[in-house]
Amino acid sequence: MTASKKLLNYAYYPGCSLHASAKEYDISTRGVCKVLKIGLEEVPDWFCCGATPAHNVDELLSLSLCAKNLSLAEEVEGDLAVACAACFSRLKTTQHHLRNNDIQRKQVETAIAAPAPLGKKVKHMLEILAKDYGLDKLAAAVTRPLTGLKVACYYGCLLTRPPDVPNLDCVEAPTIMEDVLNAVGAETVAWSHRLECCGANFTLSRPGVVLQLSNAILDSAKAAGADCILVACPLCHGNLDIRQKEIEGVYNVSYGLPIFYITQMVGLAVGVPATRLGLESMMVNPLPLLKEKNLL
Amino acid sequence: MSRIGVFVCHCGENISRTVDVERVAQEVGKLPGVAFATDYKYMCSDPGQTLLKKAIQEQHLSHIVVAACSPRMHEKTFRKAVEAAGLNPFLCEMANIREHCSWVHEDKEEATVKAIEIVGMMVERVKKNRVLPTITVPVTKRCLIIGGGIAGIQAALDIADCGHEVVLVEREPSIGGHMAQLSETFPTLDCSQCIMTPKMVDVVNHPKIKLYSYSEIEQVEGYIGNFQVTIRKKARSVIEEKCTGCGVCMEKCPVRKIPNKFDCNLGMRPAIYVPFPQAVPNTPVIDRENCIKFKTGKCGLCQKVCGPGAVDYEQEDTLIVEPVGAIVVATGFDLYSIDEKPKGSPIKGYGEFGHGKIPDVIDGMTFERLASASGPTGGKILRPSDGREPKQIVFIQCVGSRAREKGISYCSKVCCMYTAKHTMLYHHKVHDGQAYVFFMDARTPGKSYDEFWRRSIEEEEAVYIRGMVSRLYQKGDKIVVMGSDIAVGVQVEIEADMVVLATAVQPQKGADTLAQKLGISYDKYNFYSEAHAKLRPVECATAGIYLAGACQGPKDIPDTVSQASAAAAKVMTLFAKDKLEREPIVARVREAGCVGCFACKKVCAYGAVEEKEIRDRQGNLIKVVAYVNPGVCGGCGTCQATCPSKSVELDGYTDEQIVAMIEAL
Amino acid sequence: MASFMEHPPNRVVRLLQLGQWERVLAGRSIWYCASCETCATRCPNKVNLAAIMDALRKLSWDADGPSKESFVQLANRLFIDNIRTYGRQYELRLGAVFNVKSGQFMKDLLLGPKLLSRGKLKMFHSKNKNVGEIENIFARIEEMRKKGEAP
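Bear in mind the structure is a predicted one, so any value in this text is a computation, not a measurement. (Residues numbered from 1 in each chain as written. Chains lettered and ligands numbered in written order. Predicted model: local features only at pLDDT ≥ 70, side-chain atom pairs only at ≥ 80, totals over all residues. Heavy atoms only, no water.)

Okay, the packing of helix α5 (residues 70–86) of chain C against helix α6 (residues 91–101) of chain C next. Residue and element names in this part refer to chain C. Where α5 meets α6, the closest approach of the two axes is 10 Å, and the angle between their N-to-C directions is 140 degrees. The angle between α5 and α6 falls in the class oblique. Classified by chirality, the crossing of α6 by α5 is right-handed. On α6, the residues that touch Phe71, Leu74, Ala75, Leu78, Phe79, Asn82 and Tyr86 of α5 are Arg93, Leu94, Val97, Phe98 and Lys101. Partitioned by chemical class, the residues of the contact of α5 with α6 number 9 nonpolar, 1 polar and 2 charged. (Axes fitted to C-alpha atoms, helices over the stretch in contact; angles between N-to-C directions. Helix = DSSP H or I, 4+ residues; strand = E, 2+ residues; numbered from the N terminus. Parallel < 35°, antiparallel > 145°, perpendicular 65-115°, else oblique. Left-handed = near helix turned anticlockwise from the far one by under 90°. Contact = heavy atoms within 4.5 Å. Nonpolar A, V, L, I, M, F, W, Y, C, P; charged D, E, K, R; others polar.)

The next thing to look at is the nonpolar core. With 145 residues, the main nonpolar core has Leu80, Leu138 and Ile229 of chain A as its most contacted residues. At 9 residues, helix α3 (residues 59–73) of chain A tops the list of elements feeding residues into this core. Here Ile229 of chain A is in contact with Ala152, Tyr154, Leu218, Ala221, Leu240, Leu257, Pro258, Ile259 and Phe260 of chain A, once residues within four sequence places are set aside. With 95 residues, the next largest nonpolar core counts Ala155, Ile381, Tyr418 and Tyr464 of chain B among its residues. (Core = buried A, V, L, I, M, F, W, Y, C linked by side-chain atoms within 4.5 Å. Buried < 20%, exposed > 50% of the residue type's maximum accessible area, 1.4 Å probe, protein only.)

A few words on the interface of chain B and chain A. Facing 7 residues of chain B, the contacting portion of chain A comprises 6 residues. Where chain B abuts chain A, roughly 560 Å² becomes buried across the two surfaces, and 51% of that area is made up of carbon and sulfur atoms. If you sort the residues of chain B by the area they bury against chain A, Glu352, Arg471 and Tyr473 of chain B come out on top, with a joint share of 55%. At the surface where chain B touches chain A, the tally comes to 1 salt bridge. Two residues, Arg471 of chain B and Glu196 of chain A, come together in a salt bridge whose shortest N-O distance is 2.2 Å. Summed over the shared surface of chain B and chain A, the number is 2 residue pairs in polar contact (both at pLDDT 80 or more). Residues belonging to the side of chain B that touches chain A are distributed by class as follows: 2 nonpolar, 2 polar and 3 charged. (Buried area = accessible area lost by both parts, 1.4 Å probe. Salt bridge = Lys/Arg side-chain N within 4 Å of Asp/Glu carboxyl O. Polar contact = N/O pair within 3.5 Å; in protein donor to acceptor, adjacent residues only side chain to side chain.)

Right, let's get into a nonpolar patch on the surface. Taken together, the side chains of Val100, Phe105, Met106 and Leu109 of chain C present a nonpolar region at the surface, about 460 Å² in accessible area. Residue position: Phe105 of chain C is located in the loop between α6 and α7 (111–117). (Patch = residues over 30% accessible without salt bridge, like charges linked within 9 Å, V, L, I, M, F, W, Y side chains within 5 Å. Areas by Shrake-Rupley, 256 points an atom, 1.4 Å probe, with all protein chains shown as cover.)

On to the domain arrangement of chain A, then. Residue and element names in this part refer to chain A. Split into domains, chain A comes out as domain 1 (3–124) and domain 2 (135–292). Across the boundary between the two partners, domain 1 contributes 26 residues, which contact 26 residues of domain 2. Summed over both sides, the interface between domain 1 and domain 2 buries roughly 2,100 Å², with carbon and sulfur atoms accounting for 71% of that surface. When residues of domain 1 are sorted by the area they lose upon contact with domain 2, Glu24, Tyr25 and Val32 head the list and together hold 26% of the total. Linking domain 1 with domain 2 are 0 salt bridges. Among the secondary structure elements, those contributing two or more residues to the side of domain 1 that touches domain 2 are α1 (23–35), α2 (51–57) and α4 (85–100). Ranked by the residues each element gives to the side of domain 1 that touches domain 2, the list is headed by α1, at 9 residues. (Domains from an automatic or database assignment.)

Residues and elements named next belong to chain B. Under the domain assignment used here, chain B contains domain 1 (4–127), domain 2 (142–234 + 317–332 + 508–575), domain 3 (248–305), domain 4 (338–506) and domain 5 (587–664). Each of domain 3 and domain 4 has a C-alpha centre, and these two points are 32 Å apart. Listed as interface residues are 5 residues of domain 3 and, on the opposing side, 7 residues of domain 4. Buried surface at the junction of domain 3 and domain 4, both sides included, amounts to about 570 Å², of which 74% is carbon and sulfur. Per-residue buried area on domain 3 facing domain 4 is highest for Asp263, Cys264 and Leu266; these three make up 74% of the total on that side. Where domain 3 touches domain 4, the interface holds 1 salt bridge.

It is worth spelling out the pairing of strand β30 (residues 579–582) of chain B at this point. Residues and elements named next belong to chain B. The two faces of β30 differ: Leu580 and Arg582 on one face are buried, but Lys579 and Glu581 on the other face are not. Pairing analysis gives 4 bridges linking strand β5 (residues 135–138) to β30, with the strands arranged antiparallel. When the sheet's bridge partners are listed, Thr136 is paired in β30 with Glu581. (Pairing = 2+ DSSP bridges.)

Looking now at the confidence of the model for chain B. Looking at chain B, the pLDDT average stands at 94 and 100% of residues meet or exceed 70. Among the prediction metrics, the complex's ipTM stands at 0.91, with pTM recorded as 0.85. (pLDDT = per-residue confidence, 0-100.)

A word on α6 of chain C. Of the residues making up α6 of chain C, those classed as buried are Leu94, Phe98 and Asn99 of chain C. Buried positions in α6 of chain C, seen along its axis, are confined to an arc of 120 degrees and lie on one side of it. Those residues of α6 of chain C that are exposed and aimed more than 90 degrees away from the buried face are Val100 and Lys101 of chain C. Packing partners of the buried residues in α6 of chain C comprise α8 (202–205) of chain A together with α5 of chain C. Positive backbone phi, approximately 70 degrees, marks Gly103 of chain C, located one or two places after α6 of chain C. (Arc of directions from axis to C-beta.)

Turning our eyes to something else, we now look at α3 of chain A. For α3 of chain A, spanning 15 residues, the distance from its first C-alpha to its last is 21 Å, which sits close to the expected 21 Å at 1.5 Å a residue. With 14 of its 15 residues buried, α3 of chain A lies for the most part within the structure. (Expected span 1.5 Å × (residues − 1).)

Next up on the list: the interface of chain C and chain A. In this assembly, 55 residues from chain C lie in contact with 59 residues from chain A. Note on chain C versus chain A: buried area summed over both sides is about 5,000 Å², and carbon and sulfur give 62% of it. Considering only the side of chain C, the residues that lose the most area to chain A are Arg88, Arg118 and Lys120 of chain C, jointly responsible for 14% of the buried surface there. Our count for the contact surface shared by chain C and chain A stands at 6 salt bridges. Between Asp58 of chain A and Arg145 of chain C there is a salt bridge, with the nearest N and O atoms lying 2.5 Å from each other. Of all the elements in the fold, those that place two or more residues in the side of chain C that touches chain A are α3 (38–42), α4 (49–63), α5, α6, α7 and α8 (131–147) of chain C. In terms of residue count, α8 of chain C provides more of the side of chain C that touches chain A than any other element does, 8 residues in total.

Listed below in structure tokens is the structure:
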């Protein structure tokens, strides 16, 4: 992709989940960027950022992995676009720590045998859509407004916390997801569990935790009248989507709430063909809802 | 030719243990200019001072050096003695051979040599001392009090009862401040307005108190004993002298739904209004922003129905200059709000509590208005959202206070007590209601305070949970409060009908602007700074300006009243003399050398430097130089250090004197 | 997550303040932290509890002592091993090996085929081209630790 043809160009770091369990996120992100003429060039040979398991038990490893990935990203022109909230959080945290801690920076530079690349701007897809591309332009690019769809925007933990690191939006009352969704014509609901944790990677080791926490989220979204939930993180998606049936069984409730990635929803609105949005691989089938709202 | 007398004190054993005082006196006696040198056991004692006075008279001494303790201890003592003996007190200096010598060294030989050198330095210095006459400044015996809350009212009454005139300026249409908004006060549960309104009426009836309500301070000029204060009397649109307070205008006003600030926006008021029925003065004000007449030119009903013809739409703000001798600042406090604050603000709001958007989450003052018999609900505790009686109320302490993260690290002092009071008021009015209080600590230091607090738990059935609240959100018509109980070690979730936040106490809006007009210091929170935290709590570093009440720091009513009376006492000390005597250690500008750069004015902490025009005999301007007002100068010497042309010197600390000391070494 | 911990977070801090860190390291509380970062966001005194939890976990991990939370530690260990071996996460392997090593053979058994058929889990996973460089990073860190140059 030559840089000159597109208005915006980014280096792209998909992260491990986007190539497997969250492939819908990757497909829809690429689809949206293609339609909006946003250039995405995947960083060659990127590897796992370590996510939560790495920083939980070995901070130096986590910082080193991310620093090396940032250093690989230097080879590609443009700011670094990240879709997965966890990867976004780790990359930004790494830059934040290394900027402020000389001793750590030296250790990391020794580990990766390269200087620590702190200059590359790391941006989440939400920022790119809302700020770089612009909400007005996004609204203008809509070919099928998502009218009639009531969406609960779920931020989860890592998009806005801890304060001073992601710097995406207000920590306790963010509106960036709602702004993007409103720009594409959807109705967003006010609900209480926007920022509560879903249980994250306990899905592997202690799924009981995930069942309890994710149930509270689903319950709150349903009570607020939402038709579906929007997420920006593969793990949140997994916990709310893949485990939804199990939650319904354990707590004897019925939700039937499809869980969408932001780019799937935006893609639907700006004209990405429905077959190229990964809708068919989701565990909670979104097709009946979309058909009902005449969005297919 | 100087005849210097040197008196070396033993200070009991304090000096003589380490310094050979007799030898010091002997050696110093040999210095040129020293006519008399002796040592004595206790110079500051009565016989010691007598020795000093006798020596001055018998030996015809011209200058004195007392080698003893620190001048901070006894300089005043010896200067008074010297003055009694007929010598100018500023010809007496102290050589510190205690704090600077005997108390910090152990080797007797070395200490003695050092002591001789110290005394020698002071001998050379004192030769350069000049006679400094005391400065007197006339005093205007009128006091300005800014702020008509309980602090301002108390100070006004105290000073006026002494026979001095008081000018009381209050920003709102009525005096009374926040105390007038309270329902019952701790620790006695007295009705707030019942104890306050008699004082308010005393103020308005007092022959010596001139009340400017609905007025603000425009400008302050001058210095202690001689201030000129310009007051802006804002236009009420009602002629005070004609108004009888009958209230017909308020009844007839067609605009009825303006949120009343006094009722924390819960109650409504008309466009022509008094903030509350017991307002003093009982003269209404027209809110020009919301009045139909002022917005469109139509209506004018109030003027038509006013019997005495007191409504005057043409009225304008007036500026009045009042000369006063002292100013008491009693501007009080305001409550912190949990609203979203602008980006980059040092103080943050509480997004986790809904940023003030949930209607049944209110602050302490709003609860007071609900509980108050003269409030918008007639004293019933009702939910602002739907008017129903709440059966479960959660009170949260320390909202904003003690939270470095939010920008306020101090404790607001009064909230533990008023929350306990709120639980009692709630229990008295809603017998089947349950109050929960989330708290960190209970701060109840006053008289009968802790007993009052215990009563809330033991008799009024409030449930106190030690732990804080992480978040609250609306669920249907209830509010879910997510907190923790650290005594038990579990998380607690309560579905409340109403939540009352004990928000932090902050200074009034505009506190910083007023401080700049007055030239007084304030801290990073905009609380006004006292001159000394322990020993001078009601005075400012700026002479003639005093502090009373919550503007200096969060305070309850007993402490506020005490401080107000204390400030009044300080003012009366000032007014007890016709002329104010000030120490003549002040800066003096050598006009010939001054180039008019005014660097001194920039660094002067007291605002003592003025501009003075030098003109020739024809009246043409030659240059503008600096002039130090001896009445305001604090004698700190910063100007002397700053002046690039060495044209300003501190009398008593001239360059000549200091250089003499250095060269003596 | 506090309801799952035997020492809620404020008690963890209190025990640390009193020097009783062995009790904390041997317990399961720190392993039930989800790293949601809410604690650091809300603390009025700006205590970065999330970072403290990370540090405690590292100490417990290195000590390899009697921590009561083997499942979470096992999951973390396998995740990191995957990075070292493949460069990126091989999710199927992660899940399968975890089930085997934790003795929970039946866990999520029905989910597996469903995810595979939708392409959400890959049967086979190829290693990164630069897996050698990744190994070097791990090796260099181990080297620094042996020499005492890094924690």
